[in-house]
Amino acid sequence: MRRLSRRKALTLVRELDAFPKVSESYVETSASGGTVSLIAFGAMALLAFFEFFVYRDSWMKYEYEVDKDYSSKLRINIDITAAMKCQHVGADILDLAETMITSNGLQYEPVIFDLTPQQRRWQRTLLLIQNRLREEHALQEVLYKSLLKGGPTALPPREYASIEPLNACRVHGHVYVNKVAGNLHVTVGKPIHHPQGHAHIAAFVSHDTYNFSHRIDHLSFGEEIPGIINPLDGTEKITYNHNQMFQYFLTVVPTRLNTYKISADTHQFSVTERERVINHAAGSHGVSGIFIKYDTSSLMVTVSEQHMPLWQFLVRLCGIIGGMLHGLVGLFFDVICCRLKLGVYRREEVQLHNEMNNLNNHQTPLLAEAVPQE
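These remarks concern the structure in this document. Numbers given for residues are sequential positions, taken from 1 along each chain in its written order. Under the rules for a predicted model, residues below a pLDDT of 70 receive no local features and side-chain atom pairs below 80 are neither given nor counted, while totals for whole chains, interfaces and linings still include all residues. Computation of side-chain values covers all heavy atoms of the structure but excludes hydrogens and water.

1. Description of the packing of aromatic side chains
Counted only if it meets this: A pair of aromatic rings is counted whenever rings of Phe, Tyr or Trp (Trp by its six-membered ring) have centres within 6.5 Å, and the orientation is called stacked for planes under 30 degrees apart, edge-to-face for over 60 and tilted otherwise. In this description a helix means any DSSP run of H or I spanning at least four residues, a strand means any run of E spanning at least two, and both kinds are numbered starting from the N terminus. Burial classes: relative accessible area under 20% of the type maximum marks a residue as buried, over 50% as exposed, and values in between as partly exposed (1.4 Å probe, protein chains only).
Tallied over the entire structure, the rule returns 2 aromatic pairs. Ring geometry for Phe 221 against Phe 269: centres 5.5 Å apart, planes inclined by 75°, an arrangement best described as edge-to-face. Note that Phe 221 is positioned in strand 10 (residues 214-221) and Phe 269 in strand 13 (residues 263-277), a separation of 48 residues in sequence. In this structure Phe 221 comes out as buried when scored by relative accessible area, which is 2%. Of the residues examined, Phe 269 reaches a relative accessible area of 8% and is grouped as buried. Ring centres of Phe 221 and Tyr 294 lie 5.8 Å apart, and the angle between their planes is 55°; this geometry places the pair in the tilted category. Placement of the pair is Phe 221 in strand 10 and Tyr 294 in strand 14 (residues 289-296), with a sequence separation of 73 residues. Each of the two residues, Phe 221 as well as Tyr 294, counts as buried. Following the ring pairs from residue to residue traces out a cluster consisting of Phe 221, Phe 269 and Tyr 294.

Here it is in structure tokens:
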């Protein structure tokens, strides 16, 4: 009874086979068919290999929402070098509410405007990356995922002391401002604040000393994160006119960054540049200097790093090598069953043995009849 129930169970499982096979006796093998099979197996193995690298990779997901944080302060990180002496220039910020932010967080450091060969190579490399970022926007995702790996984006210090005169002023540091539109001034004279607004004391500065050739080594908003390259980093403007005005119009977008390496609240910004010569006789009015006008966006961007889940990788992998795995598993079971004489191989052996016995039984009388009788 136990053997009978076992046979019924095997019969039931055999009937539930969802992949009926063609009998080997009906299959004709050939060299061309084997070649096609090898090419197919090679292609599937190559696709599975690349699929593993796709599983290891990640991508950035961008989500947009309204920025509801209006009460917090906005941090501005500044590192600008102007080709004038520090006693002749001053920096301050005037926001939309006519609130002057003092430059207590900014430092004035006398430096040499010309770069050393090492610093010049650094600047050229940075400008090359900037150009590639403008052409290939997908490179920004590479920078997001490789944060904290690369070195800082600040200008490297001079490798040796120079005897050249200190003919420039480096204005660097950070200040906190209200999250409203504002204007950063770097112009002639130190800023002073009075009830009617603000002004710069420029009466004692000779007009011949005006030179607003400048270099923006770093300008960012929010928390400083190593590895992020901002649009104005490495910008250099040279002028030979004493009445030159440089204007930068920025749109700042709050950005929340969540990757596997870092989580931070920072800001991105886009920039539009403009420069012109101040000539009151020709109707071009204004003040010589560097003016960075910024405005904050009402939208906030959340950038998060995504990864393919394991179950999706397994499903995609089965879709690629499912047929090959089925063939390999079938071959494995065929070898095991053939060696152990199990299943169909045992039945085939018994059937072959019975056929041989029947053949021998039929051939004996024939041989006997063929013998001549004496």
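2. Observations concerning the side chain of Asp 233
So the rule is basically this: Here a polar contact is recorded for every N or O atom pair within 3.5 Å, except that within protein the pair must consist of a potential hydrogen donor and a potential acceptor, and residues adjacent in sequence are included only if both atoms are side-chain atoms.
Its place among the elements puts Asp 233 in the loop between strand 10 and strand 11 (235-237). On the basis of relative accessible area, Asp 233 is assigned to the buried category, the value being 0%. Engagement of the side chain of Asp 233 in a polar contact is seen with the backbone nitrogen of Leu 219, the distance being 3.1 Å.

3. As for the pattern of salt bridges
Worth spelling out the cut-off: Any Lys or Arg side-chain nitrogen located within 4 Å of an Asp or Glu carboxyl oxygen qualifies as a salt bridge.
Under the defined criterion, the tally for this structure stands at 9 salt bridges. One salt bridge connects Glu 109 with Arg 170, and the closest N-O pair in it is separated by 3.2 Å. One end of the pair, Glu 109, is in strand 5 (residues 106-111); the other, Arg 170, is in strand 6 (residues 168-178), with 61 residues separating them in the sequence. Here Arg 120 and Glu 236 are joined by a salt bridge, their closest N and O atoms 3.0 Å apart. Taken together, the positions of Arg 120 in helix 3 (residues 117-135) and Glu 236 in strand 11 put the pair 116 residues apart, joining distant regions of the chain. Salt bridges linked by common partners bring Arg 120, Arg 215, Asp 217 and Glu 236 together as one network.

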